[in-house]
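Results of the structural survey
Residue strings, one per chain:
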Amino acid sequence: MDLFVAVTFQLVYGIANLALISLGLAIIFGMMRVINLAHGEFLMLGGYTVVVATNAGVNIWFAMLVLAPLVVGITGVIVERVIIRWLYGRMVDTLLATWGLSLLLIGLVTSIFGASTATTISPPLGIIRIGDYSASGYELFLIAVTLVLFLAVFATLKLTKLGLVARGTMQNPEMSSALGVSTTKIYMITFGLGAAVTGLAGGLLAPVTGVLPTIGATYIAKAFITVISGGSAILAGTAAGSILLGGINGVFAFLTGPTLGEVALLVAAIVLLRLMPRGITGRFFRKSL
């Protein structure tokens, strides 16, 4: 029984972790078709925001849930206005521009905080017991907050005027502009929202992973693999990709260790894209958001 609880918990946590780091990229890449290679650095900035704020005496919950998405969201808006706004429809150019941005951010953060030692903060929740099994209360919190975040993004995109206008603008910007929609403002808000979600994820993961200037490299490949494997549907694709790939990664990591778990995730993604080149939602859940 304890083994079953342990495997289930690690499996669900792995899925939630993968979904959390991928959701912001799904908004920017899935909706806007911008290849954001600075996604990992946005996560890193969220983590450093929490570290700096807590070291300055700010409450850790306020730092994670408010400051991290706010700082990275504002950063995203600035990046969109200065760089990305000139590159819509030019995916290769967005790749090159955001790759340069990622190098710039790594260099700036390294010059401020140094490169050799991970900056860590303690998780705010202790250990809880499920029968005879001990689990991290903070990891349970991350599972819950990932679910809430998906529901919040779904509600925003599906039930609000902003979400409707944003989805319409991404699908047909010329028609939206003809109807009087400020497409430049919608692009800016959407990119900022994706960046804010990414910053929130980075802030929430900081107590678990620690923070380094180069930590974005550990996130970016997993996030892109998940989003591409999920397909064109933003939320359904990210959720489906996270469940499949996170489940495979979690099982193999539990049975053989984390290294082979990462290998299994990559192999599963390659096989999936060979069988379904348009991703999971290219064949299933086609009308999902």
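This paragraph deals with the overall build of the chain. For the chain, the count of helices and strands is 12 helices and two strands. Reading the secondary structure of the chain in the N-to-C direction produces α-α-α-α-β-β-α-α-α-α-α-α-α-α. Taking the contacts inside the chain whose residues are at least 6 apart along the sequence as the reference set, 75% of them involve residues at least 24 apart. Accessible surface for the chain amounts to roughly 13700 Å². Of this, 70% is attributable to carbon and sulfur atoms. Taken together, the 15 basic and 8 acidic charged side chains of the chain have centroids lying 15 Å from each other.

In this section: the packing of helix α10 (residues 234–256) against helix α11 (residues 258–275). Packing of α10 against α11 leaves a shortest axis separation of 7 Å and a crossing angle of 150°. Between α10 and α11 lies a crossing of right-handed hand. Where α10 abuts α11, its residues L244, L245, I248, N249, F252, A253 and T256 lie against P258, L260, G261, E262, A264, L265, A268, A269 and L272. Residues belonging to the contact of α10 with α11 are distributed by class as follows: 12 nonpolar, three polar and one charged.

Approximately 530 Å³ is the volume attributed to the largest pocket. Contributing to the lining of the largest pocket are 21 residues, with Y13, N17, K222, N249 and E262 lying nearest its centre. Elements that contribute at least two residues to the lining of the largest pocket include exactly α1 (2–32), α8 (183–209), α9 (216–230), α10 and α11. The biggest single contributor to the lining of the largest pocket is α1, with six residues.

When the charged atoms of two side chains with opposite charge come close together, those side chains can pair. Summed over all chains, the structure comprises three salt bridges. Residue R81 pairs with E80 through a salt bridge whose shortest N-O separation is 2.7 Å. Looking at R81, the relative accessible area reads 23%, which means it is partly exposed. E262 is paired through a salt bridge with K222; the nearest N and O atoms lie 2.9 Å apart. Of this pair, E262 sits in helix α11 while K222 sits in helix α9, placing them 40 residues apart in sequence. Its relative accessible area of 33% is what places E262 among the partly exposed residues.

The rules behind each value
Per chain, residues are indexed from 1 in the order of the written sequence. Where local features are concerned, this predicted model is filtered to residues with pLDDT of at least 70; where side-chain atom pairs are given and counted, the filter is 80 or more; whole-chain, interface and lining totals use all residues. Remark: hydrogens and water are excluded; side-chain values derive from all non-hydrogen atoms of the structure. Helix and strand assignments come from DSSP, with helices taken as H or I runs of at least 4 residues and strands as E runs of at least 2, each series counted from the N terminus. We call two residues in contact when some of their heavy atoms are within 4.5 Å. Accessible surface is estimated by sampling points in the Shrake-Rupley manner with a 1.4 Å probe; for residues, cover comes only from the protein chains shown. All tallies of charge rest on Lys and Arg as positive and Asp and Glu as negative; His and the ends of each chain are not included. Every charge is mapped onto a representative atom, which is NZ of Lys, CZ of Arg, CG of Asp or CD of Glu. Interaxial angles span 0 to 180 degrees and are taken between N-to-C directions of axes, which are lines fitted to C-alpha atoms, for helices over the stretch in contact. A clockwise turn of the near helix away from the far one marks a right-handed crossing, whereas an anticlockwise turn of less than a right angle marks a left-handed crossing. Just so you know the grouping, Ala, Val, Leu, Ile, Met, Phe, Trp, Tyr, Cys and Pro go in nonpolar, Asp, Glu, Lys and Arg go in charged, and all remaining residues, Gly too, go in polar. The rule is simple: put a 1 Å grid over the protein atoms alone, call a set of points where a 1.4 Å probe fits but cannot get out a cavity, call an open set with protein on both sides within 12 Å along at least five of seven lines a pocket, and count a residue as lining if it has an atom within 4 Å of a point. Grid points are joined across faces, edges and corners, and a volume is the space filled by probe spheres set on the points. Any carboxyl oxygen of Asp or Glu that lies within 4 Å of a side-chain nitrogen of Lys or Arg is treated as forming a salt bridge with it. With a 1.4 Å probe rolled over the protein chains alone, any residue whose accessible area is under 20% of its type maximum counts as buried; one over 50% counts as exposed, and the rest are partly exposed.

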